[in-house]
Amino acid sequence: MYCDAITRMVFVAAFCVLVLSVPMFALDNGLMRTPPMGWLAWERFRCDIDCQNDPKNCISEVLFRDMADRLAEDGWRELGYVYVNIDDCWASKLRDSNGRLQADPKRFPSGIPHLAQYIHDRGLKLGIYGDMGTYTCGGYPGTTLDKITIDAQTFADWKVDMLKFDGCYSNDTEQEQGYPAMSKALNATGRPIGYSCSWPAYQGGLPPKVNYTLLGEICNLWRNYGDIEDSWGSVLSIADWFYNNQDILQPAAGPGRWNDPDMLVVGDFGLSMDQSRSQMALWAIMAAPLFMSNDLRTISSQARSVLQNKVAIGINQDPMGIQGRRLLKEKSGIEVFWRPLSDKASALVFFSRRTDMPYRYQTSLGKLNYTTGSYHIYDVFAEREMSVLKDSTNFVVSVNPSGVVMWYVSAPFDADQEYGHVGEKLRGPAFYRHANVVSPIIL
Ligand SMILES: *[C@@H]1O[C@H](CO)[C@@H](O)[C@H](O)[C@H]1NC(C)=O
Ligand SMILES: *[C@@H]1O[C@H](CO)[C@@H](O)[C@H](O)[C@H]1NC(C)=O
Ligand SMILES: *[C@@H]1O[C@H](CO)[C@@H](O)[C@H](O)[C@H]1NC(C)=O
Ligand SMILES: *[C@@H]1O[C@H](CO)[C@@H](O)[C@H](O)[C@H]1NC(C)=O
């Protein structure tokens, strides 16, 4: 478990205990009290149905079994990545003689219930995809209003654990009726099924068309905005939309109810390592669901280490479930993000939009509105304890172009009491030992 690795750091220990003792409040379906984590087929594998010529990558039971094996055997499951989620193009173009959805018989010859069993046997959960409308976006059978009850029951009978409900081929009125109706229908099956609603993405993502109070009552997560693509431009435009609208979106999130900026594309083809860390950091601050869409069979060890970063995951999964915010957008192109965490701790991200060279950003915790006191700093991606910073201490962080420096910041404490006289101790060799590109330099 990840806490073992980090308990040697006193200041993270309390944080760990809290992460492991997530309180379960009786609310709604009781699911997804922290943002759901797992794997989702769409961004990486799309609607590839050519199993003849591309048998390993086509949307088939082989692909999902392969990913389940990787999640179970390569350390993902223990970190929380437990959902194996099917997206569009899994279904037969025809409903069966009872009007029920059925999987494509050639590509899923064993059927969805069998796949669910395979996935459950490995301690994982199965997600499936449906569409509020006449057709799915890929042209497969949709769930019109009259089919909501039967489709919810079918998914429950198959022992599905999560539903992503898209919104192609429906109008506003149908969506207004269909999304709450599916929520009721899922509940009526008696099987807890996590419910992801694409509804707000079809309504522009903002009030007055979107009612986030209502969404929080009927969905566990919702897609607010367009689909992610395998490029830095796409990641950046999504991050910008979410943080530009944070005053509306941030209060909507909480345990059991999450804004979903879409999949992690870390491990694919479009992002550098710096950009990969940036996506992970910005998604963690946002309390975003962490659904990877990549090929876990061939992922590089570097990408894996970003996605398996225990403290970044711990920050994402903080049990208070408070979505973070962008604090500052500097003229220099540096942006600062902040998320309050359990045990009076917090996370900070320094992000650079620059395209020239590492930028030396100077600030202090006081300037970022931290209260008076001293703070232990842990650099999340360098994976080491950095230094103790007083709120008044000026420091410099060096942030790579399109990269981040992410910190876990402890609760404030009185360094004079803990260490005796503050001085040499804080500025001494133990600190400078780490003074490379990612270390804060005390001025
Ligand atoms: C259905 O909703 C009720 C009331 O909100 C809740 O107590 C129950 O746990 C829900 N059941 C499922 C399976 O989601
Ligand atoms: C939405 O579609 C339904 C048919 O499914 C139709 O009866 C209704 O008039 C449409 N509403 C709008 C506002 O277009
Ligand atoms: C939004 O939904 C909530 C909960 O259903 C409801 O009480 C509220 O009146 C709605 N707000 C608006 C502006 O329609
Ligand atoms: C700090 O707080 C002040 C007063 O509330 C506010 O004006 C300022 O924008 C805050 N600064 C940051 C970086 O959040």
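Report follows, based on the coordinates. (Residues numbered from 1 in each chain as written. Chains lettered and ligands numbered in written order. Predicted model: local features only at pLDDT ≥ 70, side-chain atom pairs only at ≥ 80, totals over all residues. Heavy atoms only, no water.)

**Remarks on the sheet that holds strand 16 (residues 404-409)**
Logical step 1: In spatial order, the strands read 9-10-11-16-13-14; together these six strands make up an open sheet with antiparallel pairing. On the outer flanks of this sheet lie strand 9 (325-329) and strand 14 (384-390), each paired with one strand and no other. The average undirected angle you get between the axes of adjacent strands in this sheet is 25°.
Logical step 2: The sheet contact formed by strand 11 (residues 346-352) and strand 16 spans six bridges and is antiparallel. In the strand pairing of strand 16, Phe 351 is matched with Val 404.
Logical step 3: Running over the sheet, helix 13 (residues 273-285) touches strand 9, strand 10 (334-340), strand 11 and strand 16 and is turned about 40° from strand 16. (Pairing = 2+ DSSP bridges. Helix = DSSP H or I, 4+ residues; strand = E, 2+ residues; numbered from the N terminus. Axes fitted to C-alpha atoms, helices over the stretch in contact; angles between N-to-C directions. Contact = heavy atoms within 4.5 Å.)

**What to know about the pattern of salt bridges**
Logical step 1: What the rule picks out here adds up to 26 salt bridges.
Logical step 2: One salt bridge connects Arg 77 with Glu 78, and the closest N-O pair in it is separated by 2.9 Å.
Logical step 3: Under the relative-accessibility criterion, Arg 77 is labelled partly exposed at 28%.
Logical step 4: The partner of Arg 297 in a salt bridge is Asp 295, with the nearest N and O atoms 2.9 Å apart.
Logical step 5: A relative accessible area of 8% places Asp 295 in the buried class.
Logical step 6: Here the salt bridges do not stand alone but share partners, grouping Asp 240, Arg 326, Lys 329, Glu 335 and Arg 353 into one network. (Salt bridge = Lys/Arg side-chain N within 4 Å of Asp/Glu carboxyl O. Buried < 20%, exposed > 50% of the residue type's maximum accessible area, 1.4 Å probe, protein only.)

**Section: helix 8 (residues 172-188)**
Logical step 1: The terminal C-alpha atoms of helix 8 lie 24 Å apart, and with 17 residues this matches the ideal 24 Å at 1.5 Å per residue to within 8%.
Logical step 2: Residues of helix 8 that are buried make contact with helix 7 (148-157), strand 4 (162-166), strand 5 (194-197), helix 9 (199-202) and helix 10 (212-218).
Logical step 3: Positioned one or two residues after helix 8, Gly 190 has a phi angle of 80°, which is positive. (Expected span 1.5 Å × (residues − 1).)

**Concerning the environment of Asp 157**
Logical step 1: Note that Asp 157 resides in helix 7.
Logical step 2: When the C-alpha atoms of Asp 157 and Pro 113 are compared, they prove to be 8.0 Å apart, with 44 residues separating the residues in sequence.

**Here we look at the site of ligand 3**
Logical step 1: By nearness alone, every residue bordering ligand 3 is listed as Asn 211, Leu 214 and Glu 217.
Logical step 2: Here Glu 217 contributes a side-chain N or O atom positioned 3.3 Å from an oxygen atom of ligand 3.
Logical step 3: Bound to the protein, ligand 3 loses 32% of the 360 Å² it would expose on its own. (Near = heavy atom within 4 Å. Polar contact = N/O pair within 3.5 Å; in protein donor to acceptor, adjacent residues only side chain to side chain. Areas by Shrake-Rupley, 256 points an atom, 1.4 Å probe, with all protein chains shown as cover.)

**Describing the side chain of Ser 196**
Logical step 1: Its location among the elements puts Ser 196 in strand 5.
Logical step 2: Owing to a relative accessible area of 2%, Ser 196 belongs among the buried residues under this scheme.
Logical step 3: What Ser 196 contacts, discounting residues up to four positions off in sequence, is Met 162, Leu 163, Lys 164, Phe 165 and Leu 221.

**Describing the state of the cysteines**
Logical step 1: Under the criterion given, the structure shown has four disulfides.
Logical step 2: Across a sulfur-sulfur distance of 2.0 Å, Cys 51 and Cys 58 are joined as a disulfide pair. Between Cys 51 and Cys 58 the disulfide shows an S-S torsion of about 100°. By sign, it is right-handed.
Logical step 3: Judged by its relative accessible area of 0%, Cys 58 is buried.
Logical step 4: Between the sulfur of Cys 137 and that of Cys 168 lies a disulfide, 2.0 Å long from S to S. Measuring handedness by torsion sign, the sulfur bridge of Cys 137 and Cys 168 sits at about 95° and is right-handed. (Disulfide = S-S within 2.5 Å.)

**Section: the site of ligand 1**
Logical step 1: The environment of ligand 1 is made up of Asp 28, Asn 29, Asn 187, Gly 190, Arg 191 and Pro 192.
Logical step 2: With respect to ligand 1, the side chain of Asn 187 contributes an N or O atom lying 2.2 Å from an oxygen atom.
Logical step 3: The residue inventory of the shell around ligand 1, partitioned by class, reads one nonpolar, three polar and two charged. (Nonpolar A, V, L, I, M, F, W, Y, C, P; charged D, E, K, R; others polar.)

**A few points about the packing of aromatic side chains**
Logical step 1: Counting across every chain of the model gives 23 aromatic pairs.
Logical step 2: On the basis of an interplanar angle of 80° and a centroid distance of 5.0 Å, the ring pair of Trp 241 and Phe 242 is categorised as edge-to-face.
Logical step 3: On the basis of relative accessibility, which here comes to 13%, the residue Trp 241 falls in the buried class.
Logical step 4: With a centroid separation of 6.2 Å and 80° between ring planes, the pair formed by Phe 350 and Phe 395 is classed as edge-to-face. Placement of Phe 350 in strand 11 and of Phe 395 in strand 15 (residues 394-399) is noted, with a sequence separation of 45 residues between them. You'll find Phe 350 and Phe 395 in the same group, each marked buried.
Logical step 5: One aromatic cluster is present, formed by Trp 39, Phe 45, Phe 64 and Phe 108 through successive ring pairs. (Phe/Tyr/Trp six-rings, centres within 6.5 Å; stacked < 30°, edge-to-face > 60°.)

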